[in-house]
Each structure stands twice: as C-alpha cells, then as structure tokens.
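For reference, the chains in residue letters:
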Amino acid sequence: QVQLVESGGGLVQAGGSLRLSCAASRTIFSIYVMGWYRQAPGKQRELVATITDSGSTNYADSVKGRFTISRDNAKNTVYLQMDNLTPEDTAVYYCNRKERATPLGRVYDYWGQGTQVTVSS
C-alpha cells in the first residue's frame, strides 16, 4: 500500500498563488504517473495535471500557463505550483498515483485525502 499525504491548500485572493505538495509513503513500482485532480461542489472530479516517471507533464487546458507540476524523486513528492488563481479554481484538490510493475501490468491506483483550495474574488 502507498499512502499519499497532501498539504498546502488554503484561502487566497484572486491573482494569488499556492503550492500544493503530495508526499508518497513509499514507491513500490518505478513505472508511475502522479497527478492532481480537483472537484468543485456539484461537479465531477477533473484532471488538473500529471507527471510521469520520465518527467513528461500534461495539463488541463484551463490551467495551462498558470499551474506547474513538478516532482522530487528523492522525497517521493510531487508539487503543484498554482499562480494567477481565479475563483473558478476553487475546489478540493486530490493527489493521485498510478503505478505498475511492467508497462502492460496491473495498475495500482492510490488517492490522497484531498486539500481544499478556495480563491476569493
């Protein structure tokens, strides 16, 4: 089992910045994708950004140019730097890790408990 612990959420004014962190308790398999998802009230959970074990990144169109995902392999930690925040970014942000032993092997899927981000206008 892998536990994911998020931190860094909070209340910020529009135009401000926050940095989220997600620390994984351990790494079992080296093939992985870590990412951030968010869920606003009354809406479905959506992808925000992901980063692979090779360092490839992917962003939702709504956050491109404003959010940056990065990782520290030595600390088993992934970060989400969020700049120029808007009220539309208000949501619970969840960390996710998908890992597998081989490229076509079973995917093990882990989620954090979520951290609230609130952006006031």
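Here, every reference points to the structure presented above.
First, a word on what this report is: a plain description of the structure on this page. Remember, it's a predicted structure, so these values are computed and weren't measured experimentally. (Residues numbered from 1 in each chain as written. Predicted model: local features only at pLDDT ≥ 70, side-chain atom pairs only at ≥ 80, totals over all residues. Heavy atoms only, no water.)

**As for the environment of Arg-71**
Line of reasoning, step 1. In this fold, Arg-71 is placed in strand β7 (residues 67-72).
Line of reasoning, step 2. Along the backbone, Arg-71 and Gly-55 are 16 residues apart, and their C-alpha atoms lie at a distance of 8.1 Å.
Line of reasoning, step 3. Among the polar contacts made by the side chain of Arg-71, one reaches the side chain of Tyr-32 at a distance of 3.3 Å.
Line of reasoning, step 4. Reaching out from Arg-71, the side chain makes a polar contact with the backbone oxygen of Asp-53 at a distance of 3.2 Å. (Helix = DSSP H or I, 4+ residues; strand = E, 2+ residues; numbered from the N terminus. Polar contact = N/O pair within 3.5 Å; in protein donor to acceptor, adjacent residues only side chain to side chain.)

**Here's the deal with the packing of aromatic side chains**
Line of reasoning, step 1. Following the criterion strictly, the structure yields one aromatic pair and no others.
Line of reasoning, step 2. The positively charged end of Arg-19 is found above the aromatic ring belonging to Tyr-79, 4.0 Å away from the centroid.
Line of reasoning, step 3. Over the aromatic face of Tyr-32 sits the side chain of Arg-97, whose NZ or CZ is 4.3 Å from the ring centroid. (Phe/Tyr/Trp six-rings, centres within 6.5 Å; stacked < 30°, edge-to-face > 60°. Lys NZ or Arg CZ within 6 Å of the ring centre and 35° of its normal.)

**Considerations on the pattern of salt bridges**
Pairing is possible between side chains that carry opposite charge, provided their charged atoms lie close to one another.
Line of reasoning, step 1. Enumeration over the complete set of coordinates arrives at six salt bridges.
Line of reasoning, step 2. Close ionic contact of Asp-89 with Arg-66 constitutes a salt bridge, the shortest N to O distance being 2.7 Å. Of the two residues, Asp-89 is situated in the loop between β8 (77-82) and β9 (91-100) and Arg-66 in the loop between β6 (57-59) and β7; the sequence distance between them amounts to 23 residues.
Line of reasoning, step 3. With a closest N to O distance of 3.6 Å, Lys-98 and Asp-109 form a salt bridge. One end of the pair, Lys-98, is in strand β9; the other, Asp-109, is in strand β10 (residues 108-111), with 11 residues separating them in the sequence.
Line of reasoning, step 4. Note on Lys-98: relative accessible area 28%, which makes it partly exposed.
Line of reasoning, step 5. Exposure remark for Asp-109: the relative accessible area of 40% places this residue in the partly exposed category.
Line of reasoning, step 6. Salt bridges here are not isolated pairs; linked through shared partners, they connect Arg-38, Glu-46, Arg-66 and Asp-89. (Salt bridge = Lys/Arg side-chain N within 4 Å of Asp/Glu carboxyl O. Buried < 20%, exposed > 50% of the residue type's maximum accessible area, 1.4 Å probe, protein only.)

**Regarding the state of the cysteines**
Line of reasoning, step 1. Summed over the entire model, instances satisfying the criterion amount to one disulfide.
Line of reasoning, step 2. One disulfide in the model links Cys-22 with Cys-95; its S-S distance is 2.0 Å. Since a negative S-S torsion denotes a left-handed disulfide, the Cys-22-Cys-95 link at about -80° is left-handed. Here Cys-22, found in strand β3 (residues 18-24), pairs with Cys-95, found in strand β9; they are 73 residues apart in sequence, far enough to count as distant. (Disulfide = S-S within 2.5 Å.)

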